[in-house]
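An overview of the molecular structure
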Amino acid sequence: RHYLCVSLLKNCMSTNTSVVYLSLRIFVSLVSNFRGHLKNEIEVFVANVFLKVLDSQNSSPEQKCLVLEALESLSTPETLSQLFLSYDCDINAANDLFKNIVTSLARVAKGSYALGAHDAVASLNDSRGGTLAAMLQGKAGAAKKEA
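These figures come from a predicted structure and were not determined experimentally. (Residues numbered from 1 in each chain as written. Predicted model: local features only at pLDDT ≥ 70, side-chain atom pairs only at ≥ 80, totals over all residues. Heavy atoms only, no water.)

Looking now at the packing of helix 2 (residues 17–34) against helix 4 (residues 61–73). Axis separation between helix 2 and helix 4 bottoms out at 10 Å; the angle between their running directions is 15°. Relative to helix 4, the element helix 2 is oriented roughly parallel. Once helix 2 is placed against helix 4, the crossing between them reads as right-handed. The segment helix 2 lies against helix 4, with Thr17, Val20, Tyr21, Leu24, Arg25 and Val28 engaging Glu62, Gln63, Leu66, Val67, Glu69, Ala70 and Ser73. Among the residues making up the contact of helix 2 with helix 4, the classes are represented as seven nonpolar, three polar and three charged. (Axes fitted to C-alpha atoms, helices over the stretch in contact; angles between N-to-C directions. Helix = DSSP H or I, 4+ residues; strand = E, 2+ residues; numbered from the N terminus. Parallel < 35°, antiparallel > 145°, perpendicular 65-115°, else oblique. Left-handed = near helix turned anticlockwise from the far one by under 90°. Contact = heavy atoms within 4.5 Å. Nonpolar A, V, L, I, M, F, W, Y, C, P; charged D, E, K, R; others polar.)

Have a look at this one:
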C-alpha cells in the first residue's frame, strides 16, 4: 500500500500527461473501492497532488484539466459526504480537505490562475464549471438525503 501511494504521488507530478492520467485513474479507482482503508493516503494525495496542481501557477493546463476530471469522477454525494465527515469534522485531521477542495475549485472557476495555451484555457473552462457544479449537486443531494 505504501509503495503504491508513493509511486502514484511521484507519477502524478510527471510532465508526461499519459502517466498523470493513468495515475489519477488508479487513484480514483482506489478511492472508490477502498476509501475506508486509505484515510491517511487520501488526505496526503489530495493535499499534495490535487490542491497543489490546482493552486500552482507552474502546473500545465493539461495537468489542471486531468485533476479536475478526477475530482469530477469522485464527486458523488457519498464520497463528498465522506470527505467532509472524515477530514473537516475530524479534529485530528491535518487538513480541512473538503473546504480546501472547494476553495481551490472556486479559485479555478474565478480564473485566478496563470495559464498559457488558449486551447487549454477553453478546455479548462469547460472542465472547471462541470466539476464545481458536480460537487455542489453532490452536496445538495447529500443534504436532501440526510433531511
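Still more to cover.
Right, let's talk about the nonpolar core for a bit. In terms of nonpolar packing, the biggest core is built from 31 residues, with Leu24 and Phe50 touching the most fellow members. At the level of elements, helix 1 (2–12), helix 2, helix 3 (39–55), helix 4, helix 5 (77–88) and helix 6 (97–110) are the ones that each hand at least two residues to this core. Residue contacts for Phe50: discarding those within four places in its chain leaves Leu24, Phe27, Phe45, Val67, Ala70, Leu71 and Leu74. (Core = buried A, V, L, I, M, F, W, Y, C linked by side-chain atoms within 4.5 Å. Buried < 20%, exposed > 50% of the residue type's maximum accessible area, 1.4 Å probe, protein only.)

Under the criterion given, the structure shown has four aromatic pairs. Ring geometry for Phe27 against Phe45: centres 3.8 Å apart, planes inclined by 15°, an arrangement best described as stacked. Taken together, the positions of Phe27 in helix 2 and Phe45 in helix 3 put the pair 18 residues apart, joining distant regions of the chain. You'll find Phe27 and Phe45 in the same group, each marked buried. Aromatic pair Phe84 and Phe98: ring centres 6.0 Å apart, planes at 80°, arrangement edge-to-face. Here the residue Phe84 occupies a position in helix 5, and Phe98 occupies one in helix 6, the gap between them amounting to 14 residues. Accessibility expressed as a relative area gives 29% for Phe84, which makes it partly exposed. For Phe98, a relative accessible area of 10% gives the class buried. Ring pairing ties together the aromatic residues Phe27, Phe45 and Phe50, which thus form one cluster. One residue, Lys39, lies across the ring of Tyr87, its end atom 5.7 Å from the ring centre. (Phe/Tyr/Trp six-rings, centres within 6.5 Å; stacked < 30°, edge-to-face > 60°. Lys NZ or Arg CZ within 6 Å of the ring centre and 35° of its normal.)

Residues spaced three or four apart along an α-helix point in a common direction, a consequence of the helix completing one turn every 3.6 residues. Those residues of helix 1 that fall on the buried side of the exposure criterion are Cys5, Leu8 and Cys12. The buried residues of helix 1 occupy one face: seen down the axis, they fall within an arc of 60°. Turned more than 90 degrees from where helix 1 packs its buried face, His2, Tyr3 and Lys10 sit exposed. On the buried face of helix 1, the contacting elements are helix 2, helix 3 and helix 4. (Arc of directions from axis to C-beta.)

Before going further, it helps to examine the environment of Leu74. By the element assignment, Leu74 lies in the loop between helix 4 and helix 5. Owing to a relative accessible area of 9%, Leu74 belongs among the buried residues under this scheme. Along the primary structure Leu74 and Ser29 are separated by 45 residues, whereas in three dimensions their C-alpha atoms are 9.2 Å apart. In contact with Leu74, not counting residues within four places along its chain, are Phe27, Val28, Val31, Ser32, Phe50 and Thr79.

Our focus in this paragraph is the packing of helix 1 against helix 3. Two elements in contact, helix 1 and helix 3, have axes separated by 11 Å at closest approach and are oriented at 10°. Here helix 1 is positioned roughly parallel relative to helix 3, judged by the angle of their axes. Remark: the crossing between helix 1 and helix 3 carries right-handed chirality. When helix 1 is examined against helix 3, the residues Cys5, Leu8, Leu9 and Cys12 are found in contact with a partner set consisting of Glu41, Val44, Phe45, Asn48 and Val49. Tallied by class, residues from the contact of helix 1 with helix 3 come to seven nonpolar, one polar and one charged.

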